[in-house]
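Listed below are the residues making up each chain.
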Amino acid sequence: FPVTIGSNPITICIKGDHQMLQQTQGWRLRYWILMGYAVPVAALIVSAIVTYFNVRIARQNVSEVDRSAQINLELAQAEVGVQAMSRAARGYLLDPSTVSEDTFKAAIQEYNTKLESVATEIQNPEQKARLAELQSTIKILEGINRDLIDTAKQDVAKPGGTTQRAIELWKKDGRLIVTGK
C-alpha cells in the first residue's frame, strides 16, 4: 500500500503480496522465454511443411521436364529417320541400287518406331492432335517417295531405261510439297 513520507511517495508491501508479485513476474518471464523458443520452432515447422510441398512440386516438374526431354529426343530421332527416307529416295533416283532402297525401308521403320513411342508418351490431347497431323504429313511424303522409287524401278527395268521420268516427278511433287501449289 502506498505511503507518503514528506514529498517522497513510498510503496510498502506486505510480505505475502511481495511474494505474489515475484511469482507473477516469474511467470511472465517464463512466458516470454517459452514464446522465445516456441515462435522460432513453430516458424521452423511451418517452413519445413512449405519446403516439403515445394520439393514435391519441383520433383513433379523435374519428372515432366525429363519426360518432355525424352519425347523431344525421340522426335529428333524420328526427324532423322524422315530425312534419311527422303535422302534414300533421292539417292535411288540418282543411282538405283538395293542399298538406297534398303536405307529407305530402314528409315521408314526407324521413324515409325520413334513416332509410335512418342504417341504412347504424349498425354496432352492438343499435342496428340499435332502428332497425328505430323504423322499424316509424313505418310504423304512417304507415299510420294515410294511412288518415285516404284516409278524408277519400273523405268530402269525396261531395256535402256533411266530414272529420268521419276526425277521429273520428284521435281514436280517436290514443288507441290514446298509451295503447296
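Just above, that's the structure.
Sequence order as written defines the numbering, with residues in each chain counted from 1. Per-residue local features are limited, in this predicted model, to residues with pLDDT of at least 70; the limit for side-chain atom pairs, both in listing and counting, is 80 or more; totals at the level of whole chains, interfaces and linings are taken over all residues. Excluding hydrogens and water, the side-chain values take into account all heavy atoms of the structure.

### Observations regarding the environment of Ser 117
As a reminder of what qualifies: Every helix listed is a DSSP run of H or I at least four residues long, and every strand listed is a run of E at least two residues long, numbered separately from the N terminus.
With respect to the helices, strands and loops of the structure, Ser 117 is situated in helix H2 (residues 98-121). Residues Ser 117 and Glu 74 lie 43 residues apart in sequence; the distance between their C-alpha atoms is 7.7 Å.

### Some thoughts on the nonpolar core
What counts here: The definition of a nonpolar core used throughout is a set of buried Ala, Val, Leu, Ile, Met, Phe, Trp, Tyr and Cys residues joined through side-chain atoms within 4.5 Å. Exposure categories follow from relative accessible area, calculated using a 1.4 Å probe and restricted to protein chains: below 20% of the type maximum is buried, above 50% is exposed, and the middle band is partly exposed. For this analysis, residues touch if any pair of their heavy atoms sits within 4.5 Å.
Core analysis: the biggest nonpolar cluster contains 23 residues, and Met 85, Leu 93, Phe 104, Tyr 111 and Leu 115 have the highest contact counts within it. When contributions to this core are tallied by element, the ones reaching two or more residues are helix H1 (15-94), H2, helix H3 (125-157) and helix H4 (164-179). When residues of this core are assigned to their parent elements, the largest contribution, eight residues, is made by H1. Those residues within four positions of Tyr 111 in sequence are excluded, and the remaining contacts are Ala 78, Gly 81, Val 82, Met 85, Ile 138 and Glu 142.

### Regarding H2
For an α-helix the count is 3.6 residues per turn, leaving residues at separations of three or four pointing the same way. Spelled out, the test is: Working rule for helices: expected span equals 1.5 Å times residues minus one.
A rise of 1.5 Å per residue sets the reference length of H2, with its 24 residues, at 34 Å; its end C-alpha atoms lie 35 Å apart and thus fit the reference within 8%. Every buried residue of H2 is accounted for by Ser 100, Glu 101, Phe 104, Ala 107, Ile 108, Tyr 111, Asn 112, Leu 115 and Val 118.

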